[in-house]
Number of protein chains: 2
Amino acid sequence: MTVTGHMLIGQSAVWGSHGRLHAVAAASGERLQPAFGGAGAAELERACALAEAAFDEYRQRPLVQRAAFVLGIAENILQLGDELIERCHLETGLPRARLEGERGRTVGQLRLFAEVLGEGGFLGVRIDPAQPQRLPMPRVDLRLRQIGLGPVAVFGASNFPLAFSVAGGDTASALAAGCPVIVKAHSAHPGTSELVGRAIARAARQHGMPEGVFSLLFDSGRSIGQGLVADPRIKAVGFTGSRSGGMALMQIAAARAEPIPVYAEMSAINPVLLLPHALEERAEPIASAFVASLTLGAGQFCTNPGLILGVDGPALQRFERAAAEALGHVAAQTMLTPGIYRSYCQGAAILAAHARVQTLAQGPEGQGQQARGALFATSAAAFMVCPELREEVFGPASLIVRCADMTVLQQVLQSLEGQLTIAVHLSEGDQPQVQALLPLLERKAGRVLANGFGTGVEVTHAMVHGGPFPATSDSRSTSVGSRAIQRFLRPVAYQDLPEALLPAELHRANPLQVPQLLDGRFPG
Amino acid sequence: MTVTGHMLIGQSAVWGSHGRLHAVAAASGERLQPAFGGAGAAELERACALAEAAFDEYRQRPLVQRAAFVLGIAENILQLGDELIERCHLETGLPRARLEGERGRTVGQLRLFAEVLGEGGFLGVRIDPAQPQRLPMPRVDLRLRQIGLGPVAVFGASNFPLAFSVAGGDTASALAAGCPVIVKAHSAHPGTSELVGRAIARAARQHGMPEGVFSLLFDSGRSIGQGLVADPRIKAVGFTGSRSGGMALMQIAAARAEPIPVYAEMSAINPVLLLPHALEERAEPIASAFVASLTLGAGQFCTNPGLILGVDGPALQRFERAAAEALGHVAAQTMLTPGIYRSYCQGAAILAAHARVQTLAQGPEGQGQQARGALFATSAAAFMVCPELREEVFGPASLIVRCADMTVLQQVLQSLEGQLTIAVHLSEGDQPQVQALLPLLERKAGRVLANGFGTGVEVTHAMVHGGPFPATSDSRSTSVGSRAIQRFLRPVAYQDLPEALLPAELHRANPLQVPQLLDGRFPG
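As a starting point, this report considers the structure included with it. (Residues numbered from 1 in each chain as written. Chains lettered and ligands numbered in written order. Predicted model: local features only at pLDDT ≥ 70, side-chain atom pairs only at ≥ 80, totals over all residues. Heavy atoms only, no water.)

## Concerning the overall build of chain A
When helices and strands are counted, chain A shows 14 helices and 22 strands. Taking 2.2 N^0.38 as the reference for a compact globule, 524 residues should give roughly 24 Å; the C-alpha atoms of chain A span a radius of gyration of 25 Å, in line with that estimate. Taken along its principal axes, the extent of the C-alpha atoms in chain A is 75 × 65 × 40 Å. By the burial criterion, 64% of the 524 residues in chain A qualify as buried. Counting contacts in chain A only where the partners sit at least 6 residues apart, residues at least 24 apart contribute 76% of the total. Total accessible area on chain A is roughly 17600 Å²; 54% of this is exposed by carbon and sulfur atoms. (Helix = DSSP H or I, 4+ residues; strand = E, 2+ residues; numbered from the N terminus. Rg over C-alpha atoms; globule rule 2.2 N^0.38 Å. Buried < 20%, exposed > 50% of the residue type's maximum accessible area, 1.4 Å probe, protein only. Contact = heavy atoms within 4.5 Å. Areas by Shrake-Rupley, 256 points an atom, 1.4 Å probe, with all protein chains shown as cover.)

Below, the structure written as structure tokens:
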């Protein structure tokens, strides 16, 4: 399969006539062929019309068919073979091993949602049978299930060109929820996007899905992405990217005649708390694991540990020395795009030049758009009054905040915005202090983790990849794990409908064997 | 207990110094004593500070304590006895029997949430145990539960002075979710609000809850309500009222530095579909039940049937005649407020004067602010081009749209905005047509019901009182029934935390016996 530069409007490969995009080889900066045609208003209109037309048909397909389609996408992605990895490596600069792992994760996500479809709990079925004898009034028969919200717009992320992009978590969960998807491809990996998009379209064809269940648009500017969110046929948005980008989409969605939910994952610095006993006992191994997490994938993870909080003293100094030492040995790594590289350099330079910030270490210099790691330190007093020290620096830079004691550490934590993760390094002797901090940690983050780092997000049932604003726009949800399907569903109640008219999951005999909450309890 | 005109800031009865409000006797238009002091910025600040201070303590109380508190509120409301009914009747003009029923509903809601707290499924517990042997990487231990969003602002509704007001569904579900509540009392029933507010505050005291778990503010204008939604300590909003009111709050919430969810129930005309066989067989009994639903409580229900769709012909004419005849016998009823009465008269007058609308019947004239029922008819052609015919007329008025055939009826339905309910009257011979319509009905409404009317909303597990915009601001939720608690929760994941630090509901031994999803399945 060769990259052609065509979008996918349903089953049609379409050359967009509204400007052109080119991918850029991350390692060399060289412009890659072919060109990609950007979507214009006509293509946007056609994709939305197809998605709208497909919605009712798609969502009413039996769950086993929806599951087979989702599994088919996984299969087709694997069948792209090495070409996908090659193209993706070229476009993103991410190492092949990482991309192979990410492909496994992407395929695993799709398979997880096929399982979720098989199990059926996501439907949230509830049945309250009629009570004709109830006094003073008989009780009606009520049955509830969840259905898809409608067509979903998905914005591919730059930093996970497979797992958070065209067939990533947002697409997988929306399709599983019964929602057609229109993806706005990320301009940094259009070739990867085209390949994966064709794998999805092929699965739709193979499994006889309605044409509009999936479209893929290239955008030579911002108007197509914005137009997608504004289109009345779009009923929800999934986005992973910058805070400014997410906020812009939130504003468009809120200003619509019919406002819609936006699930934007935007910004986090993912504090790491070093508790005194843990630091005393394990300063060096923690520092080593920290540097590994900080520099993983050139630090280009939403869960990158950008802030370290510890009580000042000899143990923290040991940590700082060990981390600085380790960072000096990590080679610079190619970043995803020239823009991300520039932003990283600017962010790191602001910290390096800051009067109240000390530069503890920098990694070896690199070439081209290779980022070197950077470790800084400041005082809690400075951190509390300098808002520029709390900005996310996307890449392998982190800031240690030296706190006079645990009370100050708690004040610093209290002053932070919402986060995806907070990691706590603790030993048994630290447990009482962590217990006291826990309510604050829960309020500040979607995931609280012990003796580890937030990078490496398990795709399971109990994962929360989300968190209070501005980590995400909607803390009530997760974008990773099986619970992500809930973002694209809404409940509908059916009162006194003849069973013959009801979908099978609401039948009392429960032919699909889905979990049914009966009068508020799961039977058995 | 005597109404004093004082707000409740936590446990303190406070006389507000920012303007005054008076209740008005609905029947006579007479100003009632005492005056109520309106909240100023200082009272708002104090209520928010208390709520914020109470949040962590309140949400960490054992669920049995939270349940006892909620039950205590129900008990204390009952103990207010006849004084509550009397005052409420005076302020709202609603008949005593209705108010006694509504009190039962209010108390029943609180008891339902106590049960929900006992059962524990609302916590959404999920456990994915560690897999230390997994290759290539061990799997971490992940546990998820839901916690409260934070302090919630609740706006009392005019039309349910008990069940959707100070201790109504929003307050009950937010308190059950572990969120402190600040109620902005509706200005139409301040005395009722004070009495119920004191019942809540007393329960908080009796059950040793932190002071800020509940406050009640009077607002002599709009600034306190708006300030409440804008306050950074408020994390969610519950509102039932007008579309303009709900939209204003949505805009304030979206413009905050940290946007928050608003659950606004705003506007619906609740279409009723009369299928041909049903109409042929039962035109008269359906008409009679329709008029009863239309005029119930002076038509002041969110689920009032404001729009009838039927295929034009002799059977629809029979329905129209029977409904017109029945409406002529329903006495005018006192509306809640002078403002609501004026709006109703204006809305009905616009329909009556409309060139393309026929007035089929009006009920007998009333006195003071008593509304007479009104029934209008128009053609589908007119309805499709005249947006003024789709406005909700809050009160006992309804519009019949005569459709040439089922295709036209479907087009009319398709053109409607989101609704709380759609009712379908069908006989066995209509089932194929309803089957074909069902996908559209699901997309347009939160509740689809057969052979009944939307008024009379059961408070159960499978109820959805919600629906697509503008019926509500957030179709992913319900404001009635046990599922309403989900509006005020967010998930938090705990990774590798020592079990000693985890809340009891996440312990593997499951001491609280809450439903725990283990690796994606409920065991047993």
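## Side note on the pairing of strand E19 (residues 419-425) of chain B
Residue and element names in this part refer to chain B. Most of E19 sits out of view: seven of its seven residues are buried. Across three bridges, strand E12 (residues 271-274) lies against E19 in parallel orientation. Across the sheet, the residue bridging to Val272 is Ala423, located in E19. Both E19 and strand E20 (residues 445-450) contribute to a ladder of five bridges, which runs parallel. Along E20, the bridge assignment pairs Val424 with Ala450. (Pairing = 2+ DSSP bridges.)

## Things to note about the nonpolar core
Within the largest apolar cluster, 275 residues are counted, with the highest numbers of intra-cluster contacts made by Phe69 and Leu273 of chain A together with Phe69 and Leu273 of chain B. Contact partners of Phe69 of chain A, with chain neighbours within four places excluded, come to Tyr58, Leu175, Ile200, Ala203, Ala204, His207, Met209 and Val213 of chain A. (Core = buried A, V, L, I, M, F, W, Y, C linked by side-chain atoms within 4.5 Å.)

## Some details on the relation of the copies chain B and chain A
To go from the first copy of the chain to the second, apply a rotation about an axis and then a shift along the same axis. For these two chains of identical sequence, chain B goes onto chain A by a turn of 180° and a shift of 0.0 Å along the axis, with RMSD 0.0 Å. The superposition operator between the copies reduces to a two-fold rotation axis. Every residue of chain B has its C-alpha some distance from the rotation axis, and the shortest such distance is that of Ala254 of chain B, at 3.5 Å. Taken together, the interface assignments show that 100% of the residues at the interface of chain B recur at the interface of chain A, consistent with an identical surface on both copies. (Least-squares fit on C-alpha atoms with pLDDT ≥ 70 in both.)

## Let's talk about the packing of helix H9 (residues 276-295) of chain B against helix H10 (residues 314-327) of chain B
Residues and elements named next belong to chain B. Where H9 meets H10, the closest approach of the two axes is 8 Å, and the angle between their N-to-C directions is 35°. Between H9 and H10 the crossing geometry is right-handed. Where H9 approaches H10, its residues Leu279, Glu280, Ala283, Glu284, Ile286, Ala287, Phe290, Val291, Leu294 and Thr295 are matched on the opposing element by Ala315, Leu316, Arg318, Phe319, Ala322, Ala323, Ala326 and Leu327. Each residue belonging to the contact of H9 with H10 can be placed in one class, and the counts come to 14 nonpolar, one polar and three charged. (Axes fitted to C-alpha atoms, helices over the stretch in contact; angles between N-to-C directions. Left-handed = near helix turned anticlockwise from the far one by under 90°. Nonpolar A, V, L, I, M, F, W, Y, C, P; charged D, E, K, R; others polar.)

## Topic: the sheet that holds E12 of chain B
If you walk across this open sheet you meet the 11 strands as E22(A)-E5(A)-E6(A)-E21(A)-E20(B)-E19(B)-E12(B)-E13(B)-E18(B)-E17(B)-E15(B), and the pairing is mixed. Each of the sheet's edge strands pairs with one partner strand only, and the pair in question is strand E22 (517-518) of chain A together with strand E15 (357-362) of chain B. Seen against the sheet, helix H11 (residues 338-353) of chain B touches E15, strand E17 (374-379) and strand E18 (397-403) of chain B and runs at an angle of roughly 40° to E17 of chain B.

## What about the pattern of salt bridges?
Applying the stated criterion across every chain, the model contains 52 salt bridges over all chains. Note that Glu499 of chain A is salt-bridged to Arg143 of chain A, the shortest N-O span being 2.7 Å. One end of the pair, Glu499 of chain A, is in the loop between strand E21 (489-495) and E22; the other, Arg143 of chain A, is in strand E6 (residues 142-148), and 356 residues separate them in sequence. On the basis of relative accessibility, which here comes to 7%, the residue Arg143 of chain A falls in the buried class. Across the pair Glu320 of chain B and Arg402 of chain B runs a salt bridge whose closest N-O atoms are separated by 2.8 Å. (Salt bridge = Lys/Arg side-chain N within 4 Å of Asp/Glu carboxyl O.)

## What about the side chain of Thr192 of chain B?
By the secondary structure assignment, Thr192 of chain B is in helix H6 (residues 190-206). Once you skip the residues sitting within four places of it in the chain, Thr192 of chain B turns out to touch Leu84, Arg87, Cys88, Glu91, Pro161 and Leu162 of chain B.

## Some remarks on the interface of chain B and chain A
Taken together, the contact between chain B and chain A spans 72 residues of the former and 72 residues of the latter. Summed over both partners, the interface of chain B with chain A comes to about 6400 Å²; 54% of that surface belongs to carbon and sulfur atoms. Of all residues in chain B, the largest losses of buried area upon contact with chain A belong to Arg443, Arg476 and Leu501 of chain B, amounting jointly to 12% of the total for that side. Remark: the boundary between chain B and chain A carries 12 salt bridges. Note that Glu442 of chain B is salt-bridged to Arg145 of chain A, the shortest N-O span being 2.5 Å. At the junction of chain B with chain A, the criterion picks out 44 residue pairs in polar contact (both at pLDDT 80 or more). Residue assignment for the side of chain B that touches chain A shows that the elements contributing at least two residues are helix H1 (41-60), strand E5 (126-128), strand E6 (142-148), helix H8 (243-255), helix H14 (431-444), E20 and strand E21 (489-495) of chain B. Tallied by class, the residues present in the side of chain B that touches chain A amount to 37 nonpolar, 12 polar and 23 charged. With three bridges joining them, E21 of chain A and E20 of chain B adopt parallel strand pairing. Counted as the bridge partner of Tyr494 of chain A is Val448 of chain B from E20 of chain B. (Buried area = accessible area lost by both parts, 1.4 Å probe. Polar contact = N/O pair within 3.5 Å; in protein donor to acceptor, adjacent residues only side chain to side chain.)

## Considering the packing of aromatic side chains
All names here are of chain B. By the definition in use, this model includes 17 aromatic pairs over all chains. Pairing Tyr58 with Phe69 gives two aromatic rings, centres 6.0 Å apart and planes at 90°, and the pair type is edge-to-face. Placement of the pair is Tyr58 in helix H1 and Phe69 in helix H2 (residues 63-79), with a sequence separation of 11 residues. For Phe69, a relative accessible area of 0% corresponds to the buried category. On the numbers, 6.1 Å between centres and 40° between planes, the contact of Phe290 with Phe453 is tilted. Of this pair, Phe290 sits in helix H9 while Phe453 sits in the loop between E20 and E21, and the two are 163 residues apart along the sequence. An identical accessibility class is assigned to Phe290 and Phe453; each is buried. The aromatic ring of Phe160 is capped on one face by Arg98, whose charged end is 4.9 Å from the ring centroid. (Phe/Tyr/Trp six-rings, centres within 6.5 Å; stacked < 30°, edge-to-face > 60°. Lys NZ or Arg CZ within 6 Å of the ring centre and 35° of its normal.)

## Examining the sheet that holds strand E18 (residues 397-403) of chain A
Sheet architecture is open: 11 strands sit in the order E15(A)-E17(A)-E18(A)-E13(A)-E12(A)-E19(A)-E20(A)-E21(B)-E6(B)-E5(B)-E22(B), paired in mixed fashion. Looking at which strands have only one partner, the edges of the open sheet turn out to be strand E15 (357-362) of chain A together with strand E22 (517-518) of chain B.

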